[in-house]
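# Structural description and commentary
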Amino acid sequence: MSLNYNLMGILRFVLLVSLSLVLFGLKPTVSQPQQQAQVPCLFIFGDSLVDNGNNNRLLSLARANYRPYGIDFPQGTTGRFTNGRTYVDALAQILGFRNYIPPYSRIRGQAILRGANFASGAAGIRDETGDNLGAHTSMNQQVELYTTAVQQMLRYFRGDTNELQRYLSRCIFYSGMGSNDYLNNYFMPDFYSTSTNYNDKTFAESLIKNYTQQLTRLYQFGARKVIVTGVGQIGCIPYQLARYNNRNNSTGRCNDKINNAIVVFNTQVKKLVDRLNKGQLKGAKFVYLDSYKSTYDLAVNGAAYGFEVVDKGCCGVGRNNGQITCLPLQTPCPDRTTYLFWDAFHPTETANILLAKSNFYSRAYTYPINIQELANL
């Protein structure tokens, strides 16, 4: 897909720039946490975009517990797949949490009451997604870990399930899934048969069927305020730009085949959010994040946010620094704030913070309300 300006992109850009100037300026930092968080806990489900260390001890290629990952993070290398904070790290700070939400693999005792991050690099909605990279925790497994955590939390409420339900109903649940179901499944025909068994429409429908069951399971165990993200423009990440440059796309730009399939899936995710909000899950409120539009606009209008490079990884090897992702002890670009992408697949801390702020305060990429409004319900 071309990254040329279009009218809607320009309008969204103007809105976000205006909002940024009024609320927090364009400097990509997050203000100091408030004295008390706006919600009591935050539970996170997803893949490497938000994984903060759950894969560290797994036998997997989908790990980031080595330098230079975390080069700009206060605690250094933790397993986050970026140079600093992830999207949910920034979101937690905006919500007022004193500390980042820890990976579930390291949580002990009452710390679970503040939330947990179950995300796992290479994970997908389908269980087999990401198997080509080794061990990981699929969405089904993440949901089951959460249900176990809820049972553990009961002890802190003296076994009172109603009281625990009231507590959890005030928390925010974030679910960002689907990218790997395409990158590390559907568009990997040498390893998976899904592209033979499905077309773009039927594969999206299959994913939505599974995703509906997973989100319903979270609801059954207390989730009432839920953020569900669409998949970003993964046909435009450095890995795809490098792979399809001078091959399938004469312009050397985005992989339209992947992006078109993503649009089909995202359309179904938004419809799912509508169904869930219209009484299918009583008392719940779901918010859809349009990651496709937000990542597109951030690339198109990158210069306004200080991005000088929007088509290459800050750390990586080969064309677009995207043919091989960031290697151990590799020297990254000196100024990460000028890059949209950290490596072949993941955004920089700067991009994560900008996206978290826009989603929190604005409805430009959220539906039907923004995250601040969701927290205040």
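Residues numbered from 1 in each chain as written. Predicted model: local features only at pLDDT ≥ 70, side-chain atom pairs only at ≥ 80, totals over all residues. Heavy atoms only, no water.

### Topic: the overall build of the protein chain
When its secondary structure is counted, the protein chain shows 12 helices and 10 strands. For the protein chain, the residues scored as buried account for 59% of the 377 residues in total. When the accessible area of the protein chain is evaluated, it comes to approximately 15,800 Å², of which 51% is carbon and sulfur surface. (Helix = DSSP H or I, 4+ residues; strand = E, 2+ residues; numbered from the N terminus. Buried < 20%, exposed > 50% of the residue type's maximum accessible area, 1.4 Å probe, protein only. Areas by Shrake-Rupley, 256 points an atom, 1.4 Å probe, with all protein chains shown as cover.)

### Description of the sheet that holds strand β2 (residues 115-117)
The six strands are arranged β2-β1-β3-β4-β5-β10 in an open sheet whose pairing can be described as mixed. Each edge of the open sheet is held by one strand with a lone partner, namely β2 and β10 (366-367). Relative to β2, strand β1 (residues 42-46) is paired through three bridges, and the arrangement is parallel. Paired with Phe-43 across the bridge in β2 is Ala-116. Docked against the sheet, helix α2 (residues 87-95) engages β1, β2, β3 (172-176), β4 (225-229) and β5 (285-289), running at close to 165° with respect to β1. (Pairing = 2+ DSSP bridges. Contact = heavy atoms within 4.5 Å. Axes fitted to C-alpha atoms, helices over the stretch in contact; angles between N-to-C directions.)

### Remarks on the state of the cysteines
As enumerated under the stated definition, the model contains four disulfides in all. In the protein chain, the cysteines engaged in disulfides, taken in order along the sequence, are linked 1-2, 3-4, 5-8, 6-7. (Disulfide = S-S within 2.5 Å.)

### Quick look at the pattern of salt bridges
Proximity of charged atoms lets side chains of opposite charge pair with each other. Under the definition given, this model contains nine salt bridges. For the salt bridge of Arg-336 with Asp-72, the shortest nitrogen-to-oxygen distance reads 2.8 Å. Of the two residues, Arg-336 is situated in the loop between β8 (324-325) and β9 (339-341) and Asp-72 in the loop between β1 and α2; the sequence distance between them amounts to 264 residues. Here Arg-336 falls in the buried class, since its relative accessible area comes to 15%. A salt bridge links Glu-349 to Arg-85; its shortest N-O distance comes to 2.9 Å. Linking Glu-349 in helix α11 (residues 349-361) with Arg-85 in the loop between β1 and α2, this pair joins segments that are 264 residues apart in sequence. The exposure class of Arg-85 is buried, given its relative accessible area of 13%. (Salt bridge = Lys/Arg side-chain N within 4 Å of Asp/Glu carboxyl O.)

### Focus: the environment of Asp-127
Position of Asp-127 relative to the elements: it lies in the loop between β2 and α3 (139-153). For the pair Asp-127 and Asp-181, spaced 54 residues apart in sequence, the C-alpha to C-alpha distance is 9.4 Å. Look past the residues within four positions of Asp-127 in its chain and what remains in contact with it is His-136, Ser-138 and Asn-140. One polar contact links Asp-127 to Ser-138, side chain to side chain, over a distance of 3.1 Å. One polar contact links Asp-127 to Asn-140, side chain to side chain, over a distance of 3.0 Å. (Polar contact = N/O pair within 3.5 Å; in protein donor to acceptor, adjacent residues only side chain to side chain.)

### Overview of the nonpolar core
Residues Phe-43, Tyr-146 and Tyr-182 are the most contacted members of the largest nonpolar core, which totals 93 residues. The contact partners of Tyr-182, leaving out residues within four places of it in the chain, are Phe-187, Phe-203, Ala-204, Leu-207, Ile-234, Ala-261, Ile-262 and Phe-265. Of all hydrophobic cores here, the second largest spans 10 residues; its members include Phe-81, Cys-314, Cys-333 and Trp-342. (Core = buried A, V, L, I, M, F, W, Y, C linked by side-chain atoms within 4.5 Å.)

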